[in-house]
Amino acid sequence: MDITQTIFKELDVSYGSDNVYYQIISAILESSERLQLPHHLKLLMAQPKNEIIVHFPVRLDDGTYRLFKGYRVQHNNVLGPYKGGMRYHRSVSLDHVKALAAIMTMKTALVRLPYGGAKGGIKVDPHALSHDELMRMTRRFTSALCPNIGPDYDIPAPDVGTNAQIMAWMADTYVNLSEPENRLGGISVVTGKPIEYGGPQGRDKATGQGLVYVLDELLPETGLDVRSISYSLIGYGNVGSWTGRLLQERGAKLLAVMDHTGAIHHAAGIDATALARHVETTGGVAGFASADSITTDEFYATKVDVFIPAALEQMITEEKAAIIQCRVLAEAANAPVTPAGERALLARGIAILPAILCNAGGVTVSFFEWKQNRQSESWDAATVDRELKRLMVAAAQRVRASA
Ligand code: NAD
């Protein structure tokens, strides 16, 4: 019996091997075996501390009510308050949220932020709701979670399907439900807020910027230089589109992009800024005039130096890994590669830069925001970038040393 089966048997829980929570915990347990950690620590890491599920009604614009299911999983808080994003997506489930919460524990520890790990969300398609419905749902979700979050206890942030506006609604709801003496510091209950409501300079680009600093630090030993690489992206939302725009500033060439609306390719390079504008107005990459439409398999098979998944979990299966043509895969999304996919990529000599490093820029700038809110400070953009670079480079060096 391997370590994962042994631990889950002791915890009296069972998961299929294609379950994303099983896969993440198994990766953590295999590493803890190598590090010869004591048995009780393995048990602790294999089970979140708290799994909160809330059901709450929301009045829709047509006057009817709908009951929503929301989650908050608090994996670990040994190193500080629970910290992690809130996702609004149809695929949100308890095991998904548990997996993402465990990843957050590892990520904040790697960057040495004073946080633990958490994640949450609602199983919903946010695009199917009106602006007002989205606001009412967010406010009801926050009130339902109110006793379980707090600036010193659990600090949510944006993730897939949520943004600065949603964080502002969460903070405002929390503040209004707080005792008057706690209201002043109440907005630091969430990060990723708009700048005019205590958000930091550069939060939007933070995850993409962090990835660029990691690539600067680690690509040279693979014989690549950020300024001359070709690359492809899955996902052109917050992380994908900022990665695209920032890599373009360095001179890198974006050959192909795929999102939920389709896949596109342009051999001379896709204009990342123009594509960001197109996605903002149309909702996806499909129909972008300055590129050709391609199939999913043609997207995966596009030869690039660096392949960057920046969308959802488990997209790179063994089958997709067999057709990917790249030298380095940089995991901008959380857990984008299945264990079988990872084995297939490594067997083909493709280097994988892990998500807990590559996308840690977001939580790092969230930490700066939390710190500024608590100290009533406001850093300028250059200070945010300088500090982000310092922490990301140090984390990249730790990953290199451990690897
Ligand atoms: P987002 O909602 O802004 O964008 C998600 C992107 O994924 C969109 O372009 C969407 O079209 C694409 N997508 C969804 N389903 C798809 C499918 N079936 N096939 C292809 N593409 C699909 O989300 P985001 O904030 O950019 O997050 C992306 C990833 O990065 C997630 O794994 C998230 O957990 C991780 N992450 C985000 C942050 C952050 O600061 N936003 C920080 C750390 C990690």
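Residues numbered from 1 in each chain as written. Predicted model: local features only at pLDDT ≥ 70, side-chain atom pairs only at ≥ 80, totals over all residues. Heavy atoms only, no water.

In this structure, what is going on with helix H14 (residues 361-374)? I would like to understand it.
For an α-helix, the turn length of 3.6 residues means that residues three or four places apart are oriented alike. Under the 1.5 Å per step criterion, the end-to-end length of H14 is 20 Å for 14 residues, consistent within 8% with the ideal 20 Å. Along H14, the positions that sit buried rather than exposed are Gly361, Gly362, Val363, Thr364, Val365, Ser366, Phe367, Phe368, Glu369, Trp370, Gln372 and Asn373. Those residues of H14 that are buried lie in contact with strand S3 (82-89), helix H4 (94-111), strand S5 (154-158), helix H7 (203-218) and helix H15 (381-402). Looking one or two places after H14, you find Ser376, whose phi comes out positive at around 50°. (Helix = DSSP H or I, 4+ residues; strand = E, 2+ residues; numbered from the N terminus. Expected span 1.5 Å × (residues − 1). Buried < 20%, exposed > 50% of the residue type's maximum accessible area, 1.4 Å probe, protein only. Contact = heavy atoms within 4.5 Å.)

Hey, could you run me through the packing of aromatic side chains in this one?
For the structure on display, the rule yields 15 aromatic pairs. For the pair Phe8 and Tyr22, a centre-to-centre distance of 5.9 Å together with 35° between the ring planes defines the contact as tilted. Of the two residues, Phe8 sits in helix H1 (residues 3-11) while Tyr22 sits in helix H2 (residues 20-34), which places them 14 residues apart along the sequence. The same class applies to Phe8 and to Tyr22, which are both buried. (Phe/Tyr/Trp six-rings, centres within 6.5 Å; stacked < 30°, edge-to-face > 60°.)

Where do I start with the site of the ligand in this structure?
Neighbouring the ligand are 22 residues, the closest being Asp159, Thr207, Tyr236, Asn238 and His260. At 3.0 Å, a backbone N or O of Ala311 approaches an oxygen atom of the ligand. In isolation the ligand exposes 820 Å². Once the protein is present, 83% of that is buried. Residue assignment for the shell around the ligand shows that the elements contributing at least two residues are H7 and helix H8 (238-250). Classifying every residue of the shell around the ligand by side-chain character gives 10 nonpolar, 8 polar and 4 charged. (Near = heavy atom within 4 Å. Polar contact = N/O pair within 3.5 Å; in protein donor to acceptor, adjacent residues only side chain to side chain. Areas by Shrake-Rupley, 256 points an atom, 1.4 Å probe, with all protein chains shown as cover. Nonpolar A, V, L, I, M, F, W, Y, C, P; charged D, E, K, R; others polar.)

Would you explain the sheet that holds S3 in this entry?
Note on sheets: strands pair through backbone hydrogen bonds, and any given pair is parallel or antiparallel. Sheet architecture is open: 5 strands sit in the order S1-S2-S4-S3-S5, paired in mixed fashion. On the outer flanks of this sheet lie strand S1 (50-59) and S5, each paired with one strand and no other. Within the sheet, the average angular offset between the axes of one strand and its neighbour, ignoring direction, is 25°. Judged from the 5 bridges that link them, S3 and S5 form a sheet pairing that is parallel. The partner of Met86 across the bridge, within S5, is Pro158. (Pairing = 2+ DSSP bridges. Axes fitted to C-alpha atoms, helices over the stretch in contact; angles between N-to-C directions.)

What is the right way to look at unusual backbone geometry in this model?
Glycine aside, residues mostly have negative phi, and peptide bonds are mostly found in the trans state. Although it is not a glycine, Asp12 sits at a positive phi angle of roughly 60°. Taking the relative accessible area as the measure of exposure, Asp12 reaches 69% and is therefore exposed. With phi around 45°, Ala335 is a residue other than glycine that occupies positive phi space.

Mind showing me how you'd approach the packing of H2 against H4 here?
Any two packed helices are characterised by the angle at which their axes cross and by the distance between the axes. The geometry of H2 relative to H4 is characterised by a closest axis approach of 7 Å and an angle of 25° between their N-to-C directions. Classed by the angle they form, the pair H2 and H4 counts as roughly parallel. The element H2 and its partner H4 pack so that their crossing is left-handed. Residue-level inspection shows Val20, Tyr21, Ile24, Ile25 and Ile28 of H2 in contact with H4, the latter providing Asp95, His96, Lys98, Ala99, Ala102, Ile103 and Met106. (Parallel < 35°, antiparallel > 145°, perpendicular 65-115°, else oblique. Left-handed = near helix turned anticlockwise from the far one by under 90°.)

What is the right way to look at the environment of Leu329 in this model?
Topologically, Leu329 is positioned in strand S11 (residues 328-330). Residues Leu329 and Asn238, 91 residues apart in the sequence, show an inter-C-alpha distance of 19 Å.

Sorry if this is basic, but what is going on with the packing of H14 against H15 here?
Their axes nearest at 10 Å, the elements H14 and H15 cross at an angle of 130°. Accordingly, the angle class assigned to the pair H14 and H15 is oblique. Of the two possible hands of crossing, H14 and H15 adopt the one that is right-handed. Of the residues in H15, those touching H14 at Gly361, Thr364, Val365 and Phe368 are Val384, Glu387, Leu388, Leu391 and Met392.

Hey, could you run me through H2 in this one?
Compared with the 21 Å implied by 1.5 Å per residue over 15 residues, the 22 Å span of H2 between its first and last C-alpha is a close match. Taken as a whole, H2 has its buried residues at Val20, Tyr21, Tyr22, Gln23, Ile24, Ile25, Ser26, Ile28, Leu29 and Ser32. Lining the buried residues of H2 we find H1, helix H3 (39-45), H4 and helix H12 (339-347). With its phi angle positive at about 55°, Gln36 sits one or two positions after the end of H2.

Hey, could you run me through the pattern of salt bridges in this one?
Pairing is possible between side chains of opposite charge, provided their charged atoms come close. Using the criterion set out here, one finds 19 salt bridges in the structure. Asp154 serves as the salt-bridge partner of Arg72, at 2.7 Å between the closest nitrogen and oxygen. Taken together, the positions of Arg72 in strand S2 (residues 65-76) and Asp154 in strand S5 put the pair 82 residues apart, joining distant regions of the chain. The salt bridge partner of Asp172 is Arg139, with a shortest N-O separation of 3.0 Å. Pair noted here: Asp172 is in helix H6 (residues 164-177) and Arg139 is in helix H5 (residues 131-145), with a separation of 33 residues, a long-range link. Judged by relative accessible area, Arg139 falls into the partly exposed class, the value being 26%. Within the structure, one salt-bridge network assembled from shared partners comprises Arg87, Lys119, Asp159 and Glu313. (Salt bridge = Lys/Arg side-chain N within 4 Å of Asp/Glu carboxyl O.)

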